[in-house]
Structure formats: C-alpha cells, structure tokens
Amino acid sequence: PTSTPLYSSAASDVYKRQLMIRILAMVCALALGVSAFAAAKRPNVLFILTDDQRSDAIGLGGSKYLQTPNMDRLGKEGVHFKNTFCTTSLCSPSRASILSGVYAHTHGVMDNFTEYPANFRSFPMVLQAAGYETGYIGKWHMGENNDEPRPGFDWFVTHKGQGKYFDTEFNLNGRKREVIKGYYTTVVTDMAEEFVQRPRGDKPWLLMLGHKAPHSFYFPEPKYEKAFEKVRIPYPETAFMLDDKPAWMKDRLYTWHGIYGPLFEWRKKFPDDSPEAVKDFAAMTRAYWGTLLSVDDSVGRLYDLLRRRGELDNTIIVFMGDNGILNGEHGMVDKRTMHEASIRIPLVVRYPGLTAPSQPKVVEQQVLTIDMAPSLLQLCGAPALKDVQGKSWVKLVQKGDAAWRTSWFYHYNYEKQFPYTPNVRGVRTDQWKYMHYPHGDGRPDRHLAELYNIEFDPEERHNLIGNPKYAAVVKNLQGELARLMKATGLAPANDKMPLDEGIKKELPDAKIR
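Residues numbered from 1 in each chain as written. Predicted model: local features only at pLDDT ≥ 70, side-chain atom pairs only at ≥ 80, totals over all residues. Heavy atoms only, no water.

## Notes on the overall build of the chain
Working step 1: Helix and strand counts for the chain stand at 12 helices and 17 strands.
Working step 2: A compact globule built from 513 residues should have a C-alpha radius of gyration of about 24 Å, and the chain, at 26 Å, falls within 12% of that.
Working step 3: Counting only C-alpha atoms, the chain reaches 110 × 55 × 40 Å along its principal axes.
Working step 4: Here the chain holds 513 residues, and 57% of them are scored as buried.
Working step 5: Partitioning the contacts of the chain with sequence separation of at least 6, the portion at a separation of at least 24 is 68%.
Working step 6: Accessible area for the chain stands at about 22,100 Å²; split by element, carbon and sulfur atoms hold 55% of it.
Working step 7: Distance from the positive charge centre (66 side chains) to the negative charge centre (60 side chains) of the chain: 4 Å. (Helix = DSSP H or I, 4+ residues; strand = E, 2+ residues; numbered from the N terminus. Rg over C-alpha atoms; globule rule 2.2 N^0.38 Å. Buried < 20%, exposed > 50% of the residue type's maximum accessible area, 1.4 Å probe, protein only. Contact = heavy atoms within 4.5 Å. Areas by Shrake-Rupley, 256 points an atom, 1.4 Å probe, with all protein chains shown as cover. Lys, Arg positive; Asp, Glu negative; His and termini not counted. Charge placed at Lys NZ, Arg CZ, Asp CG, Glu CD.)

So, in structure tokens, the structure goes:
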C-alpha cells in the first residue's frame, strides 16, 4: 500500500524553511552567548609587583605606622591572602616562579644572575597566545646586564640591573635606550597609564608593572623623606635572642647582611654595635617605608584610571611582593633565609569575577608564589600550563578547598657573591617549621638546624631543635620535607648545591648590591 504524506509538498517546504530559520536563530543566539561568555571570561590583568616588600609593610598586614589605603582597598574589595610565601627568598628565582608556576630548581633561575629561559613556559606567554596584548614595564631583574625585550610580551620596557630611584635609563621595547628623568615609581606609573590607554578595541590586555621599591638602597620621593621622622624604631627583640640559634647567625651580625654592618649604606662607619648606632637602623627603616608611600600613590592612580575608563570591574588587579625581607629579626637584614620575615609576602587581588567587592574575603591557608600562574590562567579562561607545581586558588577563594596544601618546602643555595647565608632546605606546615643547612658535600650538616612551633611562636623566638621532647616532630618533618622535594623531582642524588664556604666579612661587589 502507498503511504499518505502528512503534509503537502508546499507545506513541507514552508515547514523546512521555518525549521531552518529557527535553527539558524538558535545557532546565532548560541554563538552570541558563547561570545559574550568568552568576553566575560577574558578580563584584563594588571599585575603590580614590588621588590622586597614585607607582608607587614601594608596596612592589611598589620603595619602600625605605614598607611597604605590604596593597597588596602584592593583587599577590602577583593581577597587578602593573609599567609602568602615565596619558595625561594631571592628576587630572580621568586619572579621566575611567579611567571612559571614551578620551583626554582625546575625553571633553573637559582640566583640573581640567571636569565629566565627563553623557551620556558610562562603565564604571559599563554595569555599572549590566547589573544591578549601583553606588556611588562619596570624592574625585570632576571639577567643582570640584559635590558632587551623578553618572550611573551608585546611591549617590554626595563633596564639593566637594579635601576635607580632617580633618572633610570630604560630600554624602550628594544627601540632605544633613554634616561627618563624623575622618580622611578612615578615614571613607570606614567608608562603604565599610557599602556592601559592604548586603543585596542575589545582585545584584553595583561600589564605587569615591576616596581623598584622598596628594594635597597632606599631613597624616598622628596615629599616623603620626613614622613616617619618622629617614629621611634628600635632593633627587634629577636636580634638579641640568638643563644639557641645556629652560630652562623651570630657570625652574620657584623656583615653586609647584619644589623651592625653598613645597613645598605645608611651606616657610614661600620661595624658598629654601640647602643646609639640604632639611629642608623631607624633611618634605614623610615626610608624603606617612605618608598612604599609612592607605590601606594601609584596603585591609587591606576585604580582611578581603570574606574574612569569603565574597566575596573573587568580587570584582575594583583598586588604582590616578590619576597619578604628581614629588618633586624634575629640580627639580620636582607632576605635569603627561611625565617618568617624573609618568606612572607603581601598578596591582595581585586576582581569581581573572583569575589564581589561587597563581599571581600580573607584567605588563611598557605598560598605560594608558584600558585599565581595557574590561578590567573584559570581566571582568564586560558589554557593551563602543563606540569605546574603550584595550584590555582580560585576554588579555595570561591568555595573552599578541603584538599588545599598544609605543607610546602623551601630552598635556597649559598652564593659566593653574597656569602652571608648557608644553603637552606626546609619545610613549613600550618603549625611547624623545620629548616636545616646542608654543607653541599653530601656529608652531615655542620650548622645547627632550627625547629619552631610557629602556631604559638610566630616570631621564632625559641628554637626547639635541641629539645628531645620534639624528636618525633623533627623526624616527621624531615620525612615530609623529603616527600615534598621528591614530588617536584628533587632527591639527595640530584639536589645540586654549592659548597658552603662560610659567612664572610667582605662587602659584595658594588655593581651587584
């Protein structure tokens, strides 16, 4: 039998046309939705990086005298990561870990004289490949004498070495070198504003702004030179609590990195352990704080610019330090060691896509420099870097993360150019910190190790390593240190480090200070 068509041929054609129109409309709507979704997931990124800023050198971090309302505003409208740490407290290794999401032994930048490997992955490279316009302005500090543009950036402005607080010579994207008159912080902020305002249509952008401040030698902007002149600043109490500490810490007291040394040229006659010499230490600290007042002004300028342009809420603003710095704690200045003041860094992030400005959050868990790359790529909806050793904190902020780390390891290698700190290997948990000092020849350590219950002794006043009561704690921490290192490819057989030649009295070469 023949079948009877449900519709006539003409009716069938009309139905097909209507169906096609509906399908096309759905496809267009879906495409528009995907496009809008993609745009919403492609925020701009402003990454502000300071040099040697302590975690307490920001109002949110507990600063008593240094007021930083613009830095604080980012945290009060976003996220304050209260316990953020660097995995190597040294500028170049830490900056490389921020870019790559991996430890220093993996990216290979173990000191301040090594270039970031040209073909090694970084989150700016990923964003550039994903269609972002990328820029870096300011202190790069990986490759002491190289100021040429680096991979991953469409616009790159930096200088050789440390730069100067006044009248630095910049290499402007490889086109020319020019001494730009003015105070460093103001100059790089001017250049940052110019980059942000460039016409680029709907293309998202990444700008990393590398400040020199508050790195030594400390020279505040003239208007802030006397901002703290009435503040009395003594040596920290822990400077005089060294009896249970390793002997190398006492040896360091009179060196370039000790409180009785030259204090980054703030003490003209040294060494000086007289009580009245504390005035030099106070002057140095006031100058350190003064440089950060200008950085806070810079943060405010950029925040206001983004607001005026209507880009504020579609921009991830990160404010972060590369490493901390000892300011008299345990009798030391500078960084490199694993003590709290050396490894703690400020980190605040403002982005409504992470948390609403009306619902700011404080994250108590331990966050590391190696977490920045995976976190920012996730927020930008960009492809993830492979084999990262850090972890995105996006889930931690938004929902909580029961699997978040409760321990991590730290390493630093002895430097002949700055022979004031031994090799360091250590582990930090939420409650405990253990650190030891390998000699570099595979033999038993020659320096006393350190153990602190940082939950109850956050200033590390009492070294418990010699107390037999904590022998089991030490053993567990040693096992955890070995486990964590192994997870990143480090074992005794391949954990290369220089020979510890001891704490020396001579000053470092003036060209690299």
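## Comments concerning the pattern of salt bridges
Working step 1: Considering all chains together, one arrives at 42 salt bridges under this definition.
Working step 2: Put simply, Glu193 and Arg301 hold a salt bridge, and the shortest N to O gap is 2.8 Å. Linking Glu193 in helix 6 (residues 184–196) with Arg301 in helix 8 (residues 278–308), this pair joins segments that are 108 residues apart in sequence.
Working step 3: For Glu193, a relative accessible area of 16% puts it in the buried group.
Working step 4: Overall, the relative accessible area of 28% leaves Arg301 in the partly exposed class.
Working step 5: Residue Glu501 pairs with Lys416 through a salt bridge whose shortest N-O separation is 3.4 Å. (Salt bridge = Lys/Arg side-chain N within 4 Å of Asp/Glu carboxyl O.)

## Regarding the packing of aromatic side chains
Working step 1: Within the structure shown, the criterion is met by 29 aromatic pairs.
Working step 2: Among the aromatic residues, those joined into a ring-pair cluster are Phe217, Tyr218, Trp256, Phe264 and Tyr288.
Working step 3: Arg200 extends its terminal NZ or CZ atom over the ring of Phe195, reaching a point 5.0 Å from the ring centre.
Working step 4: The ring of Trp256 has Arg513 lying over it, and the distance from NZ or CZ to the ring centre is 4.8 Å. (Phe/Tyr/Trp six-rings, centres within 6.5 Å; stacked < 30°, edge-to-face > 60°. Lys NZ or Arg CZ within 6 Å of the ring centre and 35° of its normal.)

## A look at the nonpolar core
Working step 1: Counting 101 residues, the largest nonpolar core has Ile137, Phe170, Met191 and Leu451 as the members making the most contacts within it.
Working step 2: Sorting elements by how many residues they give to this core places helix 8 first, with 14 residues.
Working step 3: Dropping the residues within four chain positions of it, Leu451 is found in contact with Trp432, Lys433, Tyr434, His462, Asn463, Leu464, Ile465, Tyr470, Val473, Val474 and Leu477.
Working step 4: Counting residues in hydrophobic clusters, the runner-up holds 46 residues, among them Phe123, Val318, Leu379 and Cys380. (Core = buried A, V, L, I, M, F, W, Y, C linked by side-chain atoms within 4.5 Å.)

## Considering the pairing of strand 8 (residues 315–321)
Working step 1: The element strand 8 is largely enclosed, with a buried count of 7 among its 7 residues.
Working step 2: The two faces of strand 8 match: Thr315, Ile317, Phe319 and Gly321 on one face and Ile316, Val318 and Met320 on the other face are all buried.
Working step 3: As paired elements, strand 1 (residues 44–50) and strand 8 share 7 bridges and run parallel to each other. Directly across from Phe47, in strand 8, lies its bridge partner Val318. (Pairing = 2+ DSSP bridges.)

## Notes on the packing of helix 2 (residues 69–76) against helix 8
Working step 1: Interhelical geometry of helix 2 versus helix 8 gives an angle of 50° and a closest axis separation of 7 Å. Considered as vectors, helix 2 and helix 8 are oriented oblique to each other. For the pair helix 2 and helix 8, the contacting residues are Pro69, Asn70, Met71, Arg73 and Leu74 in the first and Leu292, Val295, Asp296, Asp297, Val299, Gly300, Tyr303, Asp304 and Arg307 in the second. (Axes fitted to C-alpha atoms, helices over the stretch in contact; angles between N-to-C directions. Parallel < 35°, antiparallel > 145°, perpendicular 65-115°, else oblique.)

## Here's the deal with helix 12 (residues 471–487)
Working step 1: Its 17 residues give helix 12 an end-to-end C-alpha distance of 25 Å, which sits within 8% of 24 Å, the value for a rise of 1.5 Å per residue.
Working step 2: Within helix 12, burial applies to Val473, Val474, Leu477, Glu480, Leu481, Leu484 and Met485. Down the axis, helix 12 shows its buried residues gathered within 130° of arc, on one side only. Counted as exposed and oriented over 90 degrees from the buried face of helix 12: Ala472, Lys475, Asn476, Lys486 and Ala487.
Working step 3: Where the residues of helix 12 are buried, they touch strand 14 (407–412), strand 15 (424–429), strand 16 (432–436) and strand 17 (450–453).
Working step 4: Positioned one or two residues after helix 12, Gly489 has a phi angle of 90°, which is positive. (Expected span 1.5 Å × (residues − 1). Arc of directions from axis to C-beta.)

## Let's talk about unusual backbone geometry
Working step 1: Cis peptide bonds are those with omega within 30 degrees of zero, and the linkage from Ala213 to Pro214 qualifies with -5°.
Working step 2: Inspection of the secondary structure assignment puts Pro214 in the loop between strand 7 (205–210) and helix 7 (247–251).
Working step 3: In this chain, Phe270 is followed by Pro271 through a cis amide linkage whose omega measures -5°.
Working step 4: Summarising the element assignment, Pro271 is placed in the loop between helix 7 and helix 8.
Working step 5: Phi at Asn173 is positive, roughly 55°, even though this residue is not glycine.
Working step 6: Topologically, Asn173 is positioned in the loop between strand 5 (166–172) and strand 6 (177–183).
Working step 7: The backbone phi angle of Leu263 is positive, close to 50°, even though this residue is not glycine.

## Notes on the sheet that holds strand 17
Working step 1: The strand order across the open sheet formed by 4 strands is 14-15-16-17, and the pairing between neighbours is antiparallel. The sheet is open, and its two edges are formed by strand 14 and strand 17, each paired on a single side. Strand-to-strand twist in this sheet, taken as the mean axis angle between neighbours without regard to direction, amounts to 10°.
Working step 2: Across 6 bridges, strand 14 lies against strand 15 in antiparallel orientation. Bridging from a neighbouring strand, Ser407 pairs with Thr429 of strand 15.
Working step 3: Of the strands in this sheet, strand 14, strand 15, strand 16 and strand 17 are in contact with helix 12, which crosses strand 15 at around 105°.

## Observations regarding helix 3 (residues 91–100)
Working step 1: Counting buried positions along helix 3 gives 10 out of 10 residues, so the element sits mostly inside the fold.
Working step 2: Listed as buried for helix 3 are Cys91, Ser92, Pro93, Ser94, Arg95, Ala96, Ser97, Ile98, Leu99 and Ser100.
Working step 3: Of the residues flanking the end of helix 3, it is Gly101, one or two places downstream, whose phi is positive at about 80°.

## So, the confidence of the model for the chain
Atomic detail in the predicted coordinates should be set aside for any region of low pLDDT.
Working step 1: For the chain, per-residue confidence averages 93 on the pLDDT scale, and residues scoring 70 or more make up 92% of the total.
Working step 2: Segment residues 1–12: pLDDT under 50, and 1 contact once partners within four positions in sequence are set aside and those in other chains are kept.
Working step 3: Across residues 19–39 the pLDDT falls below 50, and counting only partners more than four positions away or on other chains, this stretch makes 1 contact in the model. (pLDDT = per-residue confidence, 0-100.)

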